[in-house]
Amino acid sequence: LGLAGPVFGTLHHAIGLLLDVAKTTAGLPGAVARLPTMPDLAFGAIIVGGIWLVLWQGRRRWLGLIPVGAGMMGAAFAEPPSLIIDGDGHHVAIVQNGRLALLRPRAGDYVRSMWEGAGGFTKSGDMDALPAAKCSPDSCIVRLKRNEGHVDVLATRSKMLIDRSRFEPACRAADIVVSDRRLPVWCAPRWLKFDRAALQKTGAVAIWLDKQKIRTVAADDGDHPWATSRIQ
């Protein structure tokens, strides 16, 4: 009957005003701060503190602010990983000098946005532009700092077959090799090898070089059916 017309008109202007306020607030400097994915310990501390605040009454409930504050501090000072590998080895990202650099220059906006958010970065670049990188259409070799030393990472990025006479020495000279294809046995890096066969077992991988810490999807999710099916 059209009786709701005046009401809908008023709601239209009110919601539009609300959206304008939200857009203006979100556009202010410092409105959004990106942080790396928080450590499990920090997340657990926040949860425990929050539960304490909800369950207890009286002054003792405010003791829950201690673990909440500790967890928030842990999240604020979390370090992003030095090397990130997706579950099939197609996308690889390196964190160097506070910058996220992706292996494939044609990585889409969705991939870049997801990885920037996980690492706490506002934008990303390409691995080819790194001073410590030597890239060709088929692969990239990047030297990363690790405490007092360095780590050499070799990552393939094309489907072209690389001649063994060139690839085998490159594998031996690298500390970490990453590929979205199954690599031959003779490709033997000094430390880690993440090819298609290995990544089917581990899922996505994050590596902190200074801490010598490796985190995988398989280790985080365990043997849950949804995790196993996704990895395989």
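Reading the values: the criteria
- Throughout this description, residue numbers start from 1 for each chain and increase along the sequence as written.
- This being a predicted model, a pLDDT of at least 70 is required before a residue's local features are given, and a value of 80 or more before pairs of side-chain atoms are given or counted; all residues contribute to the totals for chains, interfaces and linings.
- Side-chain figures throughout are based on the complete set of non-hydrogen atoms in the structure, without hydrogens or water.
- Burial here depends on accessible area, computed with a 1.4 Å probe over protein chains only, as a share of the maximum for the residue type. Under 20% is buried, over 50% is exposed, and the range in between is partly exposed.
- Elements are defined by DSSP. Helices are runs of H or I of four residues or more, strands are runs of E of two residues or more, and each kind is numbered from the N terminus.
- What the arc describes is the spread of directions from the helix axis to the C-beta atoms.
- Sulfur atoms of two cysteines make up a disulfide when they are within 2.5 Å.
- Paired strands, in this sense, are two strands between which DSSP finds at least two bridges.
- Here, the term right-handed applies to a crossover whose path from the first strand over the helix to the second runs clockwise when the strands point away from the viewer.

Buried within helix 4 (residues 109-119) we find Val111, Arg112, Trp115, Glu116 and Gly119. Buried positions in helix 4, seen along its axis, are confined to an arc of 125 degrees and lie on one side of it. Set apart from the buried face of helix 4 by more than 90 degrees, the exposed residues are Asp109 and Tyr110. Count one or two residues on from helix 4 and you reach Gly120, which has phi positive near 80 degrees.

Throughout the structure, instances matching the rule amount to two disulfides. Between the sulfur of Cys171 and that of Cys187 lies a disulfide, 2.1 Å long from S to S. Judged by the torsion about the S-S bond (-80 degrees), the Cys171/Cys187 disulfide is left-handed. Here Cys171 is found in helix 5 (residues 164-173), whereas its partner Cys187 is found in the loop between strand 8 (176-178) and strand 9 (192-194), with 16 residues between them in sequence. Exposure remark for Cys171: the relative accessible area of 0% places this residue in the buried category. For the protein, the bonded cysteines pair up as 1-2, 3-4 when numbered in the order they occur along the sequence.

Our focus in this paragraph is the pairing of strand 3 (residues 99-102). Within a regular strand, the side chains alternate between the two sheet faces. Across four bridges, the pairing between strand 2 (residues 92-96) and strand 3 is antiparallel. When the sheet's bridge partners are listed, Ala93 is paired in strand 3 with Leu102. Taking the residues that link successive antiparallel strands as the turn, the strand 2-strand 3 hairpin has two residues, and the phi of Asn97 there is positive, at about 55 degrees. In the sheet, strand 3 pairs with strand 4 (residues 124-126) via three bridges, with the strands oriented parallel. Residue pairing for strand 4: Leu102 is matched across the bridge by Asp126. As a crossover connection, the stretch from strand 3 through helix 4 into strand 4 is right-handed.

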